[in-house]
Amino acid sequence: MCGIVGAVAQRAVSGILLEGLRRLEYRGYDSAGLAVFEGEQIHRLRRAGKVENLTHAEQETPLKGHSGIAHTRWATHGKPTENNAHPHMSGDDLAIVHNGIIENFEPLKHQLQQDGFVFTSDTDTEVIAHLVARAVNQGKNLQEAFLETVSQLEGAFALGVLHKDYPDQILASRKGSPLVVGIGIGENFIASDQMALLQVTDRFIYLEEGDFVQVTPDEVMIWDANLEIVDRPVKKFEHSLSAADKGEFRHFMMKEIYEQPEVVKATLQGRISDKHLLEQAFGSEAASVFDQTQHVQIIACGTSFHAGLVAKYWLEDLAGIPCSIEVASEYRYRKHVIPANTLFVTISQSGETADTLAALRAVKDKVLASLTVCNVPGSSLVRESDLCLMTNAGPEIGVASTKAFTTQLVALLMLTVALARRHGLTEQQETDIVEALHKLPGLLLAAVKLDKEIEILSQDFAEKNHSLFLGRGPLYPVAMEGALKLKEISYIHAEAYAAGELKHGPLALVDKEMPVVAVAPNNALLDKLKANLQEVKARGGELFVFAGADHVKPEDGLKVEQMPDVPEILEPIVYTIPLQLLSYHVAVLKGTDVDQPRNLAKSVTVE
Ligand code: F6R
């Protein structure tokens with residue numbers, strides 16, 4: 001999704017801006033640009049495609065100015081061309097970068113065209129540049145013009161503005177899209193994500209909804225939505241810089257797959273004792289909320305939605321609490337019946353997913369309490385939810401989510417235990433789960449070590465165009481996640497089915513060109529699943545089965561990858577790993593852009 005970086009300093013800022021954009025590449029984008037004030041004018045460079053193209057352009061015409069704004073664009077209005085890339089300008093005076101979507105841009109554009117403004121792009125953003133310019137032309141100072149403009153905009157946005165008559169400052173504002181201010185010494189910055197600025201600072205101010213900020217090299221002034229000057233706290237960002245480096249790995253995705261034992265340990269740390277869940281981890285108000293909870297509504301998107309589907313099995317099985325789950329993009333736009341005492345749970349890696357955030361805002365006042373399972377401290381979901389349980393996965397850079405998913409499952413299992421305690425879970429059952437959780441990092445490590453074997457397996461897969469993924473019970477959402485991973489990064493068409501559904505339709509697709517992947521741990525449903533596998537085999541389908549030691553025998557047309565023995569409750573977490581590895585190796589064999597698959601963005605901050 002789009003990214004913003006801005007800098008005002010006593011040194012040249014182009015390098016800082018380009019490095020910032022490079023660090024935002026993981027979010028997904030299709031063009032990039034920057035505008036720097038130098039020699040009494042604003043110089044703009046834009047390129048379609050990668051930040052690398054922009055970097056080459058800047059090397060050919062180096063910019064040495066001390067203030068500038070930059071952007072990576074993920075196309076929403078208009079194609080990913082150079083003309084549509086940000087910054088957008090009004091004449092030569094003013095440049096603007098924008099994340100989000102301006103919903104009322106059409107009437108505004110019409111008005112501006114009638115006033116004689118000429119548009120050079122198809123974007124909604126250009127409207128903002130001309131609105132500010134028009135207000136300045138009418139005699140307002142830049143601040144007044146910017147505020148007047150912001151008040152006319154409907155939709156979600158984070159904005160940065162550079163004006164040639166105010167060369168030492170950037171104005172910025174946020175509503176619905178994240179924006180941080182980076183604090184330096186004699187230099188200050190803005191960015192849509194602190195990751196962009198970790199090379200220059202680790203001190204950040206997280207702007208609140210409606211905030212407006214004026215950033216100069218020596219000062220940061222913030223006004224809230226009521227235009228009162230406010231003092232927002234400066235927070236030190238704790239993650240290490242190495243999180244943004246690939247280290248020995250060829251791709252971030254592989255690094256993140258390998259990190260899972262460690263980040264799962266970090267997610268459990270301080271939250272379980274030898275035998276018990278430490279409920280305080282959910283916050284001081286959690287106990288009273290859990291006491292009253294009679295229904296759980298989970299809302300999420302994509303991979304996070306799959307984590308929620310697993311949690312539904314756990315919550316209904318262990319806690320006996322009814323749990324509904326829905327994708328945020330549907331939930332937010334329909335009328336819903338919210339049962340009494342509903343705990344509203346959002347799940348999100350980024351904490352900024354527009355649909356999930358909108359769903360939370362729509363029902364916040366109608367539910368018992370909201371709780372987010374989230375990976376980014378200080379993100380909008382964390383700030384706007386009553387309770388949160390952080391997944392301590394560290395920054396996830398690969399667009400395809402891996403370690404966020406397994407840590408979400410861990411957090412959701414802890415939530416299940418907290419609720420189930422109040423609904424008949426015995427102390428012994430809790431201890432069994434907690435003891436299993438202590439073993440989880442080791443089991444994940446054993447699963448990650450299957451890497452080489454799965455790499456070999458993937459060779460039989462890479463030439464295929466379609467595939468089916470099967471699972472039963474809580475392994476069905478794991479199959480869904482496996483299918484999503486494969487299609488995201490290898491572009492092979494993959495569908496997941498609850499194995500029992502096979503004969504109700506998808507079996508018609510099975511032939512030797514349709515590989516079928518099954519997750520088949522040794523649990524009560526294994527015999528049922530084996531019967532489903534025979535249905536595939538009888539139709540000449542080629543099977544790839546991930547199964548507990550010696551429980552499924554390899555035979556002609558049926559390849560078996562032996563998994564470590566896993567306590568049943570942990571199966572969805574551990575069996576995710578081989579599916580991630582399979583997708584990764586297939587994608588590498590196919591030569592796709594593993595970390596930044598086509599058309600996708602890391603953080604979907606527009607609907
Ligand atoms: C898939 C993936 C996406 C995200 C989805 C929600 O690999 O990463 O499906 O899971 O866009 O994002 P978050 O979890 O940030 O709300």
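In this report, we go over the structure that sits alongside the text. Keep in mind it's a predicted model, so treat the numbers as computed, not measured.

**Digging into the overall build of the chain**
Then step 1. Along the chain, the regular secondary structure elements total 19 helices and 25 strands.
Then step 2. Relative to the compact-globule value of 25 Å for 607 residues, the chain shows a C-alpha radius of gyration of 25 Å, a close match.
Then step 3. Taking the principal axes of its C-alpha atoms as reference, the chain extends roughly 75 × 55 × 45 Å.
Then step 4. For the chain, buried positions account for 60% of its 607 residues.
Then step 5. Restricting to contacts in the chain with at least 6 residues of sequence separation, those with at least 24 account for 72%.

**Details of the site of the ligand**
Then step 1. The environment of the ligand is formed by 15 residues, the closest being Ser304, Ser348, Gln349, Ser350 and Thr353.
Then step 2. For the ligand, an oxygen atom lies 2.6 Å from a polar atom in the side chain of Ser304.
Then step 3. Residue Ser348 places a side-chain N or O atom 2.6 Å away from an oxygen atom belonging to the ligand.
Then step 4. Contact with the protein chains removes 90% of the 400 Å² of surface that the ligand exposes when unbound.
Then step 5. Contributions of two or more residues to the shell around the ligand are made by helix H9 (302–319) and helix H16 (475–490).
Then step 6. Here the residues of the shell around the ligand sort into five nonpolar, eight polar and two charged.

**What about the sheet that holds strand E19 (residues 369–374)?**
Then step 1. Ordered by their spatial adjacency, five strands build an open sheet running E17-E16-E18-E19-E20, and the pairing between neighbours is parallel. Of all the strands in the sheet, the pair left with one neighbour each is strand E17 (323–327) and strand E20 (387–390). When the angles between neighbouring strand axes are averaged without regard to direction, this sheet yields 20°.
Then step 2. The pairing of E19 with E20 spans four bridges and is classified as parallel. Each bridged residue has a counterpart across the sheet, and for Cys374 the counterpart in E20 is Met390.
Then step 3. Packing of H9 onto the sheet brings it into contact with strand E16 (295–300), E17 and strand E18 (342–348), and relative to E17 it is tilted by some 170°.

**Re unusual backbone geometry**
Then step 1. Residues His86 and Pro87 are joined by a peptide bond in cis, for which omega reads -5°.
Then step 2. By the secondary structure assignment, Pro87 is in the loop between strand E4 (67–73) and strand E5 (88–90).
Then step 3. Located in the positive-phi region is Leu227, a residue other than glycine, with phi close to 65°.
Then step 4. In this structure, Leu227 sits in the loop between strand E13 (220–223) and strand E14 (229–230).
Then step 5. You can call Leu227 partly exposed: its relative accessible area is 47%.

**Observations concerning the nonpolar core**
Then step 1. If you look at the biggest cluster of nonpolar residues, it comprises 91 residues, and the most contacted ones within it are Phe282, Phe290, Val345 and Leu570.
Then step 2. Here the element with the most residues in this core is helix H13 (residues 403–420); it accounts for twelve residues.
Then step 3. Ignoring any residue separated from it by four or fewer positions in sequence, one finds Leu570 in contact with Leu413, Ala436, Leu437, Leu440 and Leu443.
Then step 4. Of all hydrophobic cores here, the second largest spans 31 residues; its members include Ala9, Leu45, Ala57 and Leu198.

**Regarding the sheet that holds strand E23 (residues 516–520)**
Then step 1. Reading across the sheet, the five strands line up as E22-E21-E23-E24-E25 and stay open at both edges, with parallel pairing between neighbours. Two strands lie at the open edges of the sheet, namely strand E22 (493–498) and strand E25 (558–563), each paired on one side alone. Averaged over all neighbouring strand pairs, the angle between strand axes comes to 20°, with direction disregarded.
Then step 2. Two strands pair when backbone bridges link them, and strand E24 (residues 543–548) and E25 are joined in this way by six bridges, in the parallel orientation. Opposite Gly548, over in E25, you have Met563 as the bridge partner.
Then step 3. Against the sheet, H16 engages strand E21 (466–471), E22 and E23, with an angle of about 175° to E22.
Then step 4. Sitting on the sheet, helix H19 (residues 576–590) is in contact with E21, E23, E24 and E25, with an inclination near 160° to E23.

**Quick notes on the packing of aromatic side chains**
Then step 1. For the coordinates displayed, the defined rule picks out seven aromatic pairs.
Then step 2. A ring pair is formed by Phe204 and Tyr206, whose centres lie 6.4 Å apart and whose planes are at 45°; its orientation type is tilted. For the pair shown, Phe204 and Tyr206 are each scored as buried.
Then step 3. Residues Phe249 and Tyr258 carry aromatic rings whose centres are separated by 5.2 Å and whose planes lie at 50° to one another, so their mutual orientation is tilted.
Then step 4. For Tyr258, a relative accessible area of 32% translates into the label partly exposed.
Then step 5. Taken together, the ring pairs connect Phe146, Phe212 and Trp223 into an aromatic cluster.
Then step 6. Here Lys109 stacks its cationic end above the ring of Phe119, 5.0 Å away from the centre of that ring.
Then step 7. Its end group placed over the ring of Tyr491, Arg598 keeps NZ or CZ at 3.8 Å from the ring centre.

**Quick notes on the state of the cysteines**
Then step 1. The full count for this structure, using the stated rule, is zero disulfides.
Then step 2. Counting only cysteine sulfurs, Cys301 is the nearest neighbor of Cys323, a cysteine outside any disulfide, at a range of 16 Å.
Then step 3. No disulfide involves Cys374; its sulfur sits 7.7 Å from the nearest other cysteine sulfur, which is in Cys388.
Then step 4. On the basis of relative accessible area, Cys374 is assigned to the buried category, the value being 0%.

**What to know about the side chain of Gln408**
Then step 1. Mapping Gln408 onto the fold places it in helix H13.
Then step 2. A residue is classified by how much of its surface remains accessible, and Gln408, at 2% relative accessible area, is buried.
Then step 3. With sequence-adjacent residues up to four places away left out, Gln408 is seen in contact with Thr303, Ser304, Ala307, Ile347, Ser348, Gln349, Val373 and Thr391.

**Quick word on helix H5 (residues 142–152)**
Then step 1. Taken residue by residue, H5 has Leu142, Ala145, Phe146, Thr149 and Val150 as its buried positions. Down the axis of H5, the smallest arc covering the buried residues is 130°, so these residues share one side.
Then step 2. Turning to H5, the residues buried within the fold contact strand E6 (94–102), helix H4 (125–137), strand E7 (155–163), strand E8 (170–175) and strand E12 (212–215).

**Some thoughts on the pattern of salt bridges**
Then step 1. Across all of its chains, the model carries 33 salt bridges by this definition.
Then step 2. One salt bridge in this structure joins Glu259 and Lys255, with 3.3 Å as the shortest N-O distance. Summarising the burial analysis for this pair, Glu259 and Lys255 share the class buried.
Then step 3. In the salt-bridge network here, residues are joined through shared partners; they are Asp460, Lys464, Lys512, Glu513, Glu542 and Lys559.

Cut-offs applied
Residues numbered from 1 in each chain as written. Predicted model: local features only at pLDDT ≥ 70, side-chain atom pairs only at ≥ 80, totals over all residues. Heavy atoms only, no water. Helix = DSSP H or I, 4+ residues; strand = E, 2+ residues; numbered from the N terminus. Rg over C-alpha atoms; globule rule 2.2 N^0.38 Å. Buried < 20%, exposed > 50% of the residue type's maximum accessible area, 1.4 Å probe, protein only. Contact = heavy atoms within 4.5 Å. Near = heavy atom within 4 Å. Polar contact = N/O pair within 3.5 Å; in protein donor to acceptor, adjacent residues only side chain to side chain. Areas by Shrake-Rupley, 256 points an atom, 1.4 Å probe, with all protein chains shown as cover. Nonpolar A, V, L, I, M, F, W, Y, C, P; charged D, E, K, R; others polar. Pairing = 2+ DSSP bridges. Axes fitted to C-alpha atoms, helices over the stretch in contact; angles between N-to-C directions. Core = buried A, V, L, I, M, F, W, Y, C linked by side-chain atoms within 4.5 Å. Phe/Tyr/Trp six-rings, centres within 6.5 Å; stacked < 30°, edge-to-face > 60°. Lys NZ or Arg CZ within 6 Å of the ring centre and 35° of its normal. Disulfide = S-S within 2.5 Å. Arc of directions from axis to C-beta. Salt bridge = Lys/Arg side-chain N within 4 Å of Asp/Glu carboxyl O.

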